[in-house]
Amino acid sequence: MAADAGSSTLQLPCVFSPKSRQYLALCAQDGRLRIWNTDSKTLQQEYVPSAHLSATCICIAWGPCRIVKEGPQRKKRKSEAGQVEEKADLLAMGTAAGSVLIYSTAKGALHCTLDGGHSGGVNCVQWHPEDSLLYSGSDDTNIIEWDLQTGKARSKWKADRAAVTSLCVSPDGKLLLSAGQIIKMWDLDTKEVYRKFTGHSSAVTTLRFATTRPPDSNGLYFLSGAAHERLLSVWQVREDGKDKNSVVSFTLTDEPKHIDLVASNSKEEAVRLAVVCKDGQLHLFEHFLNGPCKKPFSPVCTVQMSDTKDSPAPIPLLAAALRADARSVLLAYGNHLQPVMEKVEINTAERHVCLTRDVQTNLSLSMESTVSKVKTPIVNAKSRVLVPGLPGHQAPVKGTSQGSEKRKKDTDTKEMSIAERLGEIDLSTVSTEKGAPKGTASLQTDNFAVLLVQGLESNDANILNKVFQTRKEMVIKKTVARLPLPAVLPLVEEITKRLQGHPFTAVLMVRWLKAVLMHHTSYLASLPDLVTQLGVLYHMIESRVKMFHKLTKLHGKLYLLMTQVATSDSSNTVTDVDHTAKLVYEEESSDEDEASGDEGLPDDDDDSDNWEEEEVMEDDKEEPADEENDDPDSRTDSKANGEEDMEHGNESEEE
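The rules we used
- Residue indices begin from 1 for each chain and proceed along its sequence in written order.
- In view of the model being predicted, local features appear only for residues whose pLDDT reaches at least 70, and side-chain atom pairs are presented and counted only at 80 or more, with totals across whole chains, interfaces and linings using the full set of residues.
- Here the side-chain values reflect all heavy atoms present in the structure, with hydrogen atoms and water set aside.
- In summary, the pairing rule links any two rings of Phe, Tyr or Trp, Trp by its six-membered ring, whose centres are within 6.5 Å, and it sorts them by plane angle into stacked for under 30 degrees, edge-to-face for over 60 and tilted for everything else.
- Only DSSP runs of H or I reaching four residues or more are called helices, and only runs of E reaching two or more are called strands; each is numbered from the N terminus.
- Type-normalised accessible area, obtained with a 1.4 Å probe on protein chains alone, sets the label of each residue: buried when under 20%, exposed when over 50%, and partly exposed for intermediate values.
- The patches described consist of residues with a relative accessible area above 30% and no salt bridge, like charges being joined within 9 Å and nonpolar side chains (Val, Leu, Ile, Met, Phe, Trp, Tyr) within 5 Å.
- Only the protein chains shown count as cover for residues, and all accessible areas are computed by the Shrake-Rupley method using a 1.4 Å probe.
- Salt bridge, as used here, is a side-chain nitrogen of Lys or Arg placed within 4 Å of a carboxyl oxygen of Asp or Glu.
- Orientation is described by lines fitted to C-alpha atoms, with helices fitted over the stretch in contact, and by angles between N-to-C directions that extend from 0 to 180 degrees.
- Angles below 35 degrees are treated as roughly parallel, those above 145 as roughly antiparallel, those between 65 and 115 as roughly perpendicular, and all remaining angles as oblique.
- By definition, any crossing whose near helix is turned counterclockwise from its far helix by less than a right angle is left-handed, and any crossing with a clockwise turn is right-handed.
- We call two residues contacting when some pair of their heavy atoms lies within 4.5 Å.
- Under the scheme applied, nonpolar residues are Ala, Val, Leu, Ile, Met, Phe, Trp, Tyr, Cys and Pro; charged residues are Asp, Glu, Lys and Arg; polar residues are all the others, including Gly.
- By nonpolar core we mean a set of buried residues, namely Ala, Val, Leu, Ile, Met, Phe, Trp, Tyr and Cys, connected to one another through side-chain atoms within 4.5 Å.

Asks: Is there a simple way to explain the packing of aromatic side chains in this structure?
Replies: For any pair of aromatic rings, the description consists of the separation of the ring centres together with the inter-plane angle of the planes. In the structure shown here, the tally under the stated rule is 10 aromatic pairs. Ring geometry for Phe222 and Trp235: centres 6.4 Å apart, planes at 15°, overall stacked. Of this pair, Phe222 sits in strand 18 (residues 220-226) while Trp235 sits in strand 19 (residues 231-237); the two residues are 13 residues apart in sequence, bridging distant segments of the chain. Phe222 gets classed as buried once you look at its relative accessible area, which sits at 0%. The exposure class of Trp235 is buried, given its relative accessible area of 2%. Among the aromatic residues, those joined into a ring-pair cluster are Phe197, Phe209, Phe222 and Trp235.

Asks: I tried to follow a nonpolar patch on the surface on my own but got confused; where do I start?
Replies: Together, Met547, Leu551, Leu554, Leu558 and Leu561 make up a nonpolar patch on the protein surface, roughly 470 Å² of accessible area in all. Tracing the backbone through its elements, the reader meets Leu558 in helix 9 (residues 535-575).

Asks: Before we go on, may I ask you to explain unusual backbone geometry in this structure?
Replies: Backbone geometry follows two general trends: most residues other than glycine have a negative phi, and most peptide bonds adopt the trans configuration. Here Thr141, not a glycine, exhibits a phi torsion of approximately 70°, which is positive. Here Thr141 shows up in the loop between strand 10 (133-138) and strand 11 (142-147). For Thr141, a relative accessible area of 9% gives the class buried. You will see that His228, though not glycine, has its phi angle at about 65°, which is positive. Summarising the element assignment, His228 is placed in the loop between strand 18 and strand 19. Here His228 falls in the exposed class, since its relative accessible area comes to 66%.

Asks: What is the right way to read the pattern of salt bridges from this model?
Replies: Note that side chains of opposite charge can pair when their charged atoms are close. If you walk through the whole model with that rule in mind, you get 9 salt bridges. Note that Asp260 is salt-bridged to Arg21, the shortest N-O span being 2.9 Å. Within this pair, whereas Asp260 is found in strand 21 (residues 256-262), its partner Arg21 is found in the loop between strand 1 (14-16) and strand 2 (23-27), the two being separated by 239 residues in sequence. The pair formed by Asp260 and Arg21 is uniform in burial state, with each residue classed as buried. Residue Glu494 is joined to Arg498 by a salt bridge in which the shortest nitrogen-to-oxygen separation is 2.9 Å. Here Glu494 and its partner Arg498 are both found in helix 6 (residues 488-499), 4 residues apart, which amounts to about one turn of the helix. Of the two residues, Glu494 and Arg498, both sit in the buried class.

Asks: How should I be thinking about the packing of helix 6 against helix 7 (residues 503-525) in this particular structure?
Replies: For any two helices packed against each other, the geometry comes down to the angle between their axes and how far apart the axes lie. Look at helix 6 against helix 7: their axes get within 10 Å of each other, and the N-to-C directions meet at 155°. Considering their axes alone, helix 6 and helix 7 lie roughly antiparallel with respect to each other. For the element pair helix 6 and helix 7, the recorded crossing hand is left-handed. For the pair helix 6 and helix 7, contact is made by Val488, Leu489, Leu491, Val492, Ile495, Arg498 and Leu499 and by Thr505, Ala506, Met509, Val510, Trp512, Leu513, Val516, His520, Tyr523 and Leu524, respectively. Of the residues that constitute the contact of helix 6 with helix 7, the class distribution is 14 nonpolar, 2 polar and 1 charged.

Asks: So what exactly am I meant to see when it comes to the nonpolar core here?
Replies: A general feature of soluble globular proteins is that nonpolar side chains tend to end up buried together. With 33 residues, the main nonpolar core has Leu452, Leu491, Ile495, Leu499, Trp512 and Val516 as its most contacted residues. Every element with two or more residues in this core is listed here: helix 3 (445-458), helix 4 (461-468), helix 5 (473-481), helix 6, helix 7 and helix 9. The dominant element in this core, judged by the number of residues it contributes, is helix 7, at 8 residues. Discounting residues that sit within four places of it in the chain, Ile495 has contacts with Met509, Trp512, Leu513 and Val516. Counting 20 residues, the second-largest nonpolar core is a separate cluster that includes Cys301, Val303, Leu317 and Leu322.

In structure tokens:
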């Protein structure tokens, strides 16, 4: 029967193959399926689904081992024709897009895709132990029974009001357990509910049958684990139907992530259980299931792993598989991208066991022996390969080479020293400023990449300062793009250190950080401990962003003050105007003003009319004289005389 990986969407699936435990299948953060050989501890196969980023793999289940000579399974096992040995082949993967992928390890390719059935993400998949059937539960609250002979759904039914988070088929293939928050047992012949079990307050993530006895014998037990619960509950299927509560519970240190068990075939045989919790610890249980027990059981033995450093840090366990030997356990630990597999003999007489391992040494050994997909051609020393050389990597110019020589370990070409390369950088800066002649050597972008790697490895501040002083965006982008992946993280750490320094240096480092994030974000996202490694950079950027808001407010206030000062200065300059008049008009006395006021008053007397006529005649006589006299004072005098005459005329009228 397939090993259930636990169907929580927060956990990455990791499952050992059934029976022989020869393979370990897991999906890492990058969405790729990797199958590791537990015997040779090497990467056996790697498969990248077409939508591995948008439709990530949520759950994995191995199909049951098959023998080729069985007739109905010939379609599934045709790649192993002629073999009698049982071998795990098919692997079912439930995705967040609602489809189920069937992968064949024998063919090393996708066997088929089961889609069109679910409208939500597939949380759990489970194989039928005998027939070529597969069951899947989804967020759309439905269960689908798939026929792998046709690749289509045989039946579909609504299982719960909430999402179906876990499934398990009984060893005889007649019953199916499904769970959301309520555990239901279904009769697979009629697709009707056989029993219901309630008791979990959160979504059930794990269901496993603990015994192989029939349901009508009071000897059928199964266990369940839920999210955010630190225990495993054991349920008994009773004949009288009085099975509402769990009969046994096993205490854990965290919620269960991976479970492997050896089922009990009779009352005299104990159930062996290995539970890997979310905190990375392994708990081993051994118990005889023969009725209810009120007291919860603690583990027989708890296993932890740590590294060999001065301040040891825990190493998380990913999965565990029980061997035929009672004391032997197969462990997978480390991270999902590069797990370490090991068979361990555990002394169960001790309640707590702590294993110390050097993960880096194990990783380096396994990485050397893994299957490499890159083939390096073997080149003889005498042969000439006519390919364009990398810029900046050719040896000193000779008569016939013309840059076709490549930097290789087996060639005898003399490499340039670091001092010469630094000299080239100085030459290139001079040539770009003043315009160098054609014959001088100019620094290529690839030199920057090589120098940057050497500076990061040797931690040479002189080299790093030379490289980081460049301001050209294109040079920075090409340099970062040509960096090897192991040098990306040291570069980010160096950028983080320099960002904390002088603001002038921070301006230059922001350009490099931008280029790193543009080219290597996918690699950084695949690192398991990225949060701890980039925590300093994140907190520094966050603190500066908070300060930026305050600085923006201060800048706005200062800008207002400066504009007000500028406007006040401009208003003061307006007062300094030349007050000398261009034209001045003066009046002699106030009597003249009164006379000019009386001049416009109308009179009905005939004398005044006569006076006006006489006045006109006098004005006509005076006009030639005024035209000859340009002095304005003379005009004002004549006008004043006329006004005086008018006043004498008024006095005579009154008399």
